[in-house]
Amino acid sequence: MIVWQKAHKFVLCVYQFTGQFPKSEIYGLTSQFRRAAISIPANISVRGASRREGFKKKGATDKVRFMNIAQGSVEECRYYLILSKDLDYGDTSGLMLQLEEVSKLLTGYANSILNSDS
């Protein structure tokens, strides 16, 4: 799934970006940002990928719920990008664009699930 691939790439970029943060952030912003980023593709793949055994048995409501959890993590990452920028930890513009793309794809995927099971 393209949305999972884009979300995974975002995680890799977040790891690279946060690797440059001050060491004092290791248990703070670095950890929180990485956790939220990882949550996006994890909720897509573990709960949402159609190739997973048992996925087809879940209803649209369950599938969309996990997409909503992933979307919540997107919004959490959006805040961490704003905070990182305000703390002068680096240029966040590329990550913000990636995150926006993931957000749009998640919304489209959730809508397609709802429309296909209607």
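The structure under discussion appears in the preceding block.
Asker: Sorry if this is basic, but what is going on with the overall build of the chain here?
Answerer: Each helix and strand counted, the chain has four helices and zero strands in total. Written out in order from the N terminus, the α and β elements of the chain read α-α-α-α. Considering the chain as a whole, with its 118 residues, one finds that 41% of them fall into the buried category. Put simply, of all contacts in the chain between residues at least 6 apart along the chain, 72% involve residues at least 24 apart. Put simply, the chain shows about 6900 Å² of open surface, and 54% of that area lies on carbon and sulfur atoms.

Asker: How should helix α1 (residues 2-18) be read in this particular structure?
Answerer: Think of an α-helix as 3.6 residues a turn; residues three or four steps apart then line up on the same face. Taking 1.5 Å of rise per residue, the 17 residues of α1 would be expected to cover 24 Å, and the 24 Å separating its terminal C-alpha atoms lies within 8% of that figure. By the burial criterion, the buried members of α1 are Val3, Ala7, Phe10, Val11, Val14, Phe17 and Thr18. The buried residues of α1 all sit within an arc of 130° when viewed along its axis, so they share a single face. Residues of α1 that are exposed and point over 90 degrees away from its buried face: Ile2, Leu12 and Gln16.

Asker: How do you make sense of the pattern of salt bridges when you look at a structure like this?
Answerer: Pairing is possible between side chains of opposite charge, provided their charged atoms come close. The final tally for this structure, using the stated rule, is four salt bridges. Of the charged contacts, one joins Glu101 and Lys6 as a salt bridge, the two residues approaching to 3.2 Å between their closest N and O atoms. Of this pair, Glu101 sits in helix α4 (residues 93-116) while Lys6 is found in helix α1, placing the two residues 95 residues apart along the sequence. Between Arg78 and Glu75 there is a salt bridge, with the nearest N and O atoms lying 2.9 Å from each other. One end of the pair, Arg78, and the other, Glu75, are both in helix α3 (residues 60-86), three residues apart, so they sit about a helical turn from each other. The class of Arg78 is buried, set by a relative accessible area of 18%. In this structure Glu75 comes out as partly exposed when scored by relative accessible area, which is 37%.

What counts and how
- Residues numbered from 1 in each chain as written.
- Predicted model: local features only at pLDDT ≥ 70, side-chain atom pairs only at ≥ 80, totals over all residues.
- Heavy atoms only, no water.
- Helix = DSSP H or I, 4+ residues; strand = E, 2+ residues; numbered from the N terminus.
- Buried < 20%, exposed > 50% of the residue type's maximum accessible area, 1.4 Å probe, protein only.
- Contact = heavy atoms within 4.5 Å.
- Areas by Shrake-Rupley, 256 points an atom, 1.4 Å probe, with all protein chains shown as cover.
- Expected span 1.5 Å × (residues − 1).
- Arc of directions from axis to C-beta.
- Salt bridge = Lys/Arg side-chain N within 4 Å of Asp/Glu carboxyl O.

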